[in-house]
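One-letter residues, chain by chain:
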Amino acid sequence: MTDYSANAIYYLEHQMYSFSMILNTITLQTPYLSLDSEFYDLVDPTPLDEPYLISFNPDAAKLIDLDSNSCDDPDFIGMLNGTFTPEGSRPFAMCYAGHQFGNYNHWLGDGRTINLGRVQGWNLQLKGSGETLYSRMADGRAAQRSSIREYLMSESMHHLGIPTTRALGIIGSKTKIIRNRVEEASIVMRMSTSWVRFGTFEYFFYSGKHSKLEALAEYVITESYSHLQNDDDRFFKMFCEVVERTARLIAQWQAIGFNHGVMNTDNMSIEGLTIDYGPFAMMDDFRYGYVCNHTDRAGRYAYGEQPNVSYWNLTMLSKALSPIIDKDRMQKKLDDFGAFLYPDAYVDVMRDKLGLEMKLDGDVDLITDLVVALHDIYVDHTLFYRTLSRYDGINKSTMYDIVMEPVILDKWLTQYDERLAQETRTQSQRQEAMLKTNPKYVLKNYMLQEAIEKADRGDYTMVETLLFIAAHPYDELPEFERFAGDTPEEHKNLGLSCSS
Ligand code: AMP
Ligand code: MG
């Protein structure tokens with residue numbers, strides 16, 4: 001007679017064994033804790049009630065060699081909820097300051113984010129995991145809608161080739177939080193190669209603790225700029241790389257039509273990554289002065305202001321670094337940002353968007369005229385470039401059909417035709433390149449909102465759909481064609497609240 005109970009126990013043990021093997025492959029390290037204790041708060045996550053998995057991102061799991069079945073492991077939810085602590089983890093929140101809307105705030109820090117540690121070069125963080133020393137009067141939680149937005153958008157940005165943090169998974173719960181209404185709390189596990197912000201340096205500058213600035217710079221060099229480790233001039237060179245990376249990042253944001261919304265110095269990455277997704281937006285109709293964050297009444301962080309604001313933020317970083325790096329040399333690098341680092345990076349990405357292989361003198365004018373025209377023709381930003389990717393110079397109606405003011409567009413198209421005539425590659429080669437540069441799918445706010453509203457009703461299917469779309473921005477996906485067109489009129493360029 002078969003001993004079913006023994007069988008069942010064997011089965012269960014085997015399951016548990018294989019499950020825990022999956023998560024036990026993670027061994028975390030916490031090099032940040034080798035810094036002085038003022039850099040962090042050792043704090044455990046506060047678990048949510050009745051947690052459940054909303055979504056798991058196998059692409060991000062691969063980065064840390066995590067088995068793609070790990071989401072079936074009950075410990076996976078536990079890891080996101082802080083009840084399962086991976087080997088080697090010592091949870092901590094990071095201390096930082098920052099200029100918020102131009103005003104210095106000394107006491108920010110991870111108010112609702114807890115770091116678990118680092119594996120394969122990725123620092124794992126739980127956002128929404130409860131109070132820390134830096135929570136001030138807030139609850140340490142994140143609303144499900146804001147976690148879904150960050151989870152999906154960071155993946156979309158990655159697949160669009162824009163430097164960004166990533167996200168491994170997201171859990172929901174029955175824990176209630178109060179925002180504009182009562183909402184359910186969730187936690188997203190974020191991953192980044194660095195979580196150091198401009199504001200981390202500002203904290204130690206404004207505290208007058210300059211030896212700690214130096215320790216932080218050494219840490220950043222080890223973590224993010226290791227090729228500079230043995231360089232005698234490493235601090236200055238680190239600053240130069242931050243400036244260069246920031247220039248490229250902002251150029252990419254401008255080219256794709258991304259408005260971050262809260263470019264405070266605490267939300268600026270020392271690695272030039274897109275971090276801290278809040279009231280961001282991918283623009284619908286192109287508006288140079290578009291402001292996605294409706295609490296930003298002065299438009300400080302408007303789409304068109306992002307290059308200027310990043311320069312201002314880099315200036316604040318240079319001030320914070322001034323005790324350890326020569327000010328004049330940093331100023332010269334900042335001047336380069338405005339003179340050519342940013343403009344060149346922008347023109348380069350725009351040339352790619354327009355399918356221009358050669359670099360010609362008149363390109364800057366062509367691009368500037370396009371930006372002015374885009375503003376006046378009323379067109380969906382993503383749809384414009386995607387349609388242009390199939391433009392053949394003869395059938396102009398494909399372009400006229402998507403704009404409100406074809407006469408204005410026609411003037412620019414004539415310039416473009418003349419410029420294309422100077423290219424040496426064939427039209428089909430150009431079109432092929434443009435179709436790999438100009439996405440068919442970006443995650444617009446109305447799409448995210450639809451997923452959020454379904455999620456509020458307990459239906460998470462659209463989160464999965466958007467995760468899939470995010471991973472295939474350049475593909476033709478006939479079943480999702482409705483997301484490739486113009487944004488429905490009533491959803492265009494909405495403003496979002498900071499509350500999250
Ligand atoms: P943000 O601009 O969203 O990146 O956040 C600005 C600061 O506020 C950071 O220090 C956050 O950690 C903190 N913060 C935002 N929301 C909360 C919250 N619900 N609980 C605690 N701290 C928060
Ligand atoms: Mg932030």
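In this report, the structure presented in the accompanying data block is examined. A quick note: this is a predicted structure, and the numbers were derived from the prediction, not measured.

Before going further, it helps to spend a moment on the site of ligand 1. Around ligand 1 sit 16 residues, and of these G109, G111, R136, D139 and G140 come closest. Within the side chain of R136, one N or O atom sits 2.8 Å away from an oxygen atom of ligand 1. A distance of 3.2 Å is found between an oxygen atom of ligand 1 and a side-chain nitrogen or oxygen belonging to D276. Burial of ligand 1 by the protein amounts to 80% of the accessible area it has alone, namely 480 Å². Within the shell around ligand 1, the residues separate by chemical class into three nonpolar, six polar and seven charged.

In the first shell of the magnesium ion (ligand 2), the protein supplies N267 (OD1) and D276 (OD), at 2.0 to 2.2 Å from the metal. By relative accessible area, which is 14% here, D276 ends up buried.

On to the packing of aromatic side chains, then. What the rule picks out here adds up to 27 aromatic pairs. Members of the aromatic cluster, connected to one another through ring pairs, are Y32, F39, Y40, F92, W107, Y134, Y203, F204 and Y219. Here the guanidinium or amino end of R149 rests over the ring plane of F280, the centre of that ring lying 4.0 Å away.

This part is about the environment of Q252. Tracing the chain through its elements places Q252 in helix α7 (residues 234–256). Residues Q252 and K209, 43 residues apart in the sequence, show an inter-C-alpha distance of 35 Å. If near-sequence neighbours (up to four positions away) are discounted, Q252 is found in contact with G161, I162, P163 and V349.

Criteria and thresholds
Residues numbered from 1 in each chain as written. Chains lettered and ligands numbered in written order. Predicted model: local features only at pLDDT ≥ 70, side-chain atom pairs only at ≥ 80, totals over all residues. Heavy atoms only, no water. Near = heavy atom within 4 Å. Polar contact = N/O pair within 3.5 Å; in protein donor to acceptor, adjacent residues only side chain to side chain. Areas by Shrake-Rupley, 256 points an atom, 1.4 Å probe, with all protein chains shown as cover. Nonpolar A, V, L, I, M, F, W, Y, C, P; charged D, E, K, R; others polar. Donors = N, O, S within 2.8 Å, 3.2 Å for Na, K, Ca; no water. Buried < 20%, exposed > 50% of the residue type's maximum accessible area, 1.4 Å probe, protein only. Phe/Tyr/Trp six-rings, centres within 6.5 Å; stacked < 30°, edge-to-face > 60°. Lys NZ or Arg CZ within 6 Å of the ring centre and 35° of its normal. Helix = DSSP H or I, 4+ residues; strand = E, 2+ residues; numbered from the N terminus. Contact = heavy atoms within 4.5 Å.

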